[in-house]
Amino acid sequence: MTADPPQGSRTTRINVIAAIAGPLGAAAVGAIVSSYGHDSAVAIAAAVVVWCAIWWITEPVPIAVTSLLPLAIFPASGVLTSAQIAGAVGHQLVLLFMGGLMLSMAMERSGAHRRLALVMVRTFGGRNADGANPRRVVFGFMAAAAILSMWISNGATALMMLPIALAVVERSNSTTLAPCLLMGIAFAASVGGTGTPIGTPPNLIFIDNYKKIGGAEPSFLQWAAWTWPIIALMLPIQAIWLTRRLSSKERLSMPSVGDWRPEERRTLIVFGITALLWVTRTAPFGGWSELVNLPHAHDSSVALFAVVAMHLIPNGKGETLLTWNDSVRIPWGILLLCAGGFAIAEAFRSTGISLMIGKQLSGLGDLHPFWIVGVVCLAVTFLTEVTSNTATANLLLPILALIPAEDPKLIMIPATISASFAFMMPAATFPNAIVFASGRIHVKEMVREGFVLNLIGVVIVTAICFLIL
């Protein structure tokens, strides 16, 4: 009887198998599609999508690297032109997300996020002379994470909140507080990220795919009308579920907020003006873009002007609110992932794959929309447990846009939200991975708590979206 191979060797073999499976699966699908008489562009596009799907799920290479495949293969093979690929990489939504990520770097640099988080935690935590109620502290952290993640990336929110949460945990004797608090932050960041168009990449991917089938780009206010009722219901339910075993007798000592610093005030002023310009660009009464006769202005322009301003405004310490060394630390891989998804969606459209899929899905139009939405939410939620929410959105939204429905957003929006409502596995979302890396949570704890919240999320998203949309 031989000894088991080392874990590293086993992982290496799995990666090798997954790496080989991608191109082999792509070749097989390409050959099958060609055998049905489709032209080479259709076969290549289908093959690349299968290759990306296999590698996004199995991750033999980072998912951002996989996203380079359509950017490399489509123009080389003639499926898309170089101009179309450039349009995907320099897409307005990619620029918007890039600007948002850079603004989050300014927030982190100034420490304003810490002040906002602690103020909200103290507000919800019911602090008195004896200390704060643990259950209300957890809800305070979750509310802070949800609100911050609407404006900065979910992963950045979790990273910013983690040191503050660990400081609270160190002041407690409870063994249940750490997993409860950390999972609360991660789950709330994912839920809150659905609240604005820039909150998480799947939101931007939805907007791109919805516009390509003739839908109007939603404003910030319209997006809030769709998603905030879900957040308002999901967030307290998550808090109640996670804190059900947490003692309310203990009193927690909270970190000191401290005095306001100039860089905090200045960063929050710029961020507040930016958010106001985002919200009022097209509403009310046509928004400021109509008032100043800039009908082509986009939210990406607002974000990038704000980034420039952050690089000009002094922080009171001899530097500016944002430096280039901070800006380049953003997760560029997320931008590549979005660009790759936009290229795939464009390939679907230009090769006619979208029309072919639409014909195959025509039978679904006979089903009641409520059941279609429910099944889609369930499938997307659990698929996201094994691949990133951005990859899930890239793969499914171009297809879901073609399901016969009175309005495609009835199916696409629930799917987009469900891609962020995956709470079981550490690899499902960036916030999950970040808090799990702290070493304070066991996988079985996240699976146990997250499985129930996954199902609750499916019910809430299905019901609220069906009622609102």
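Scope of this entry: the structure provided in the associated data block. Not measured: the values here are computed from a predicted model. (Residues numbered from 1 in each chain as written. Predicted model: local features only at pLDDT ≥ 70, side-chain atom pairs only at ≥ 80, totals over all residues. Heavy atoms only, no water.)

### A closer look at a nonpolar patch on the surface
Then, in step 1: A cluster of nonpolar residues, V16, I20 and L24, forms a patch on the protein surface that exposes about 270 Å² of accessible area.
Then, in step 2: For V16, the position within the fold is in helix 1 (residues 7–35). (Patch = residues over 30% accessible without salt bridge, like charges linked within 9 Å, V, L, I, M, F, W, Y side chains within 5 Å. Areas by Shrake-Rupley, 256 points an atom, 1.4 Å probe, with all protein chains shown as cover. Salt bridge = Lys/Arg side-chain N within 4 Å of Asp/Glu carboxyl O. Helix = DSSP H or I, 4+ residues; strand = E, 2+ residues; numbered from the N terminus.)

### Considering the pattern of salt bridges
Then, in step 1: In this structure the tally under the stated criterion is 18 salt bridges.
Then, in step 2: Taking the shortest distance from any N to any O, the salt bridge between D299 and R281 comes out at 2.8 Å. Linking D299 in helix 15 (residues 299–312) with R281 in the loop between helix 13 (262–279) and helix 14 (287–291), this pair joins segments that are 18 residues apart in sequence.
Then, in step 3: For D299, a relative accessible area of 5% corresponds to the buried category.
Then, in step 4: Shared partners join several salt bridges into a network, and the residues in it are R115, R261, E263, E264 and K317. (Buried < 20%, exposed > 50% of the residue type's maximum accessible area, 1.4 Å probe, protein only.)

### So, the state of the cysteines
Note: disulfide means a covalent bond formed between the sulfur atoms of two cysteine side chains.
Then, in step 1: Counted under the stated rule, the structure contains zero disulfides.
Then, in step 2: For the unlinked cysteine C52, the closest cysteine sulfur is that of C338, found at 14 Å.
Then, in step 3: For C52, a relative accessible area of 0% translates into the label buried.
Then, in step 4: Free cysteine C377: the closest other cysteine sulfur is in C465, separated by 6.4 Å.
Then, in step 5: Exposure remark for C377: the relative accessible area of 0% places this residue in the buried category. (Disulfide = S-S within 2.5 Å.)

### Some words on the packing of aromatic side chains
Then, in step 1: Counted according to the given criterion, the structure contains twelve aromatic pairs.
Then, in step 2: Centre to centre, the rings of F187 and F423 are 5.0 Å apart; their planes meet at 55°, and the pair counts as tilted. Of the two residues, F187 sits in helix 10 (residues 177–192) while F423 sits in the loop between helix 21 (409–418) and helix 22 (430–436), which places them 236 residues apart along the sequence. Of the two residues examined, F187 and F423, each falls in the buried class.
Then, in step 3: Ring geometry for W223 against W226: centres 6.0 Å apart, planes inclined by 55°, an arrangement best described as tilted. With a gap of three residues between them, W223 and W226 both fall in helix 12 (residues 220–242), about one helical turn apart. Comparing W223 with W226 shows no difference in burial state: the two are buried.
Then, in step 4: Here the guanidinium or amino end of R115 rests over the ring plane of W260, the centre of that ring lying 4.4 Å away.
Then, in step 5: The side chain of R244 reaches across the aromatic face of W241, ending 3.7 Å from its centre. (Phe/Tyr/Trp six-rings, centres within 6.5 Å; stacked < 30°, edge-to-face > 60°. Lys NZ or Arg CZ within 6 Å of the ring centre and 35° of its normal.)

### Some remarks on the environment of V461
Then, in step 1: Mapped onto the elements of the fold, V461 is located in helix 23 (residues 443–468).
Then, in step 2: In this structure V461 comes out as buried when scored by relative accessible area, which is 0%.
Then, in step 3: Between the alpha carbons of V461 and A86 there is a distance of 35 Å; along the sequence they are 375 residues apart.
Then, in step 4: Excluding its chain neighbours within four sequence positions, the residues that come into contact with V461 are I230, C377, P414, I417, S418 and F421. (Contact = heavy atoms within 4.5 Å.)

### A short note on the packing of helix 5 (residues 82–89) against helix 17 (residues 332–351)
Then, in step 1: Where helix 5 meets helix 17, the axes come as close as 8 Å, and the angle between the chain directions of the two elements is 140°. Put simply, helix 5 runs oblique to helix 17. The two elements helix 5 and helix 17 meet at a crossing, and its hand is right-handed. For the pair helix 5 and helix 17, contact is made by Q84, I85, A88 and V89 and by A339, F342, A343, E346, R349 and S350, respectively.
Then, in step 2: Class assignment for the residues of the contact of helix 5 with helix 17 results in six nonpolar, two polar and two charged. (Axes fitted to C-alpha atoms, helices over the stretch in contact; angles between N-to-C directions. Parallel < 35°, antiparallel > 145°, perpendicular 65-115°, else oblique. Left-handed = near helix turned anticlockwise from the far one by under 90°. Nonpolar A, V, L, I, M, F, W, Y, C, P; charged D, E, K, R; others polar.)

### A short note on unusual backbone geometry
Then, in step 1: The phi dihedral of E59 is positive, around 55°, even though this residue is not glycine.
Then, in step 2: By the element assignment, E59 lies in the loop between helix 2 (40–58) and helix 3 (63–66).
Then, in step 3: Positive phi is not limited to glycine here, since N293 has a value of about 60°.
Then, in step 4: Summarising the element assignment, N293 is placed in the loop between helix 14 and helix 15.
Then, in step 5: Classification of N293 as exposed rests on a relative accessible area of 61%.

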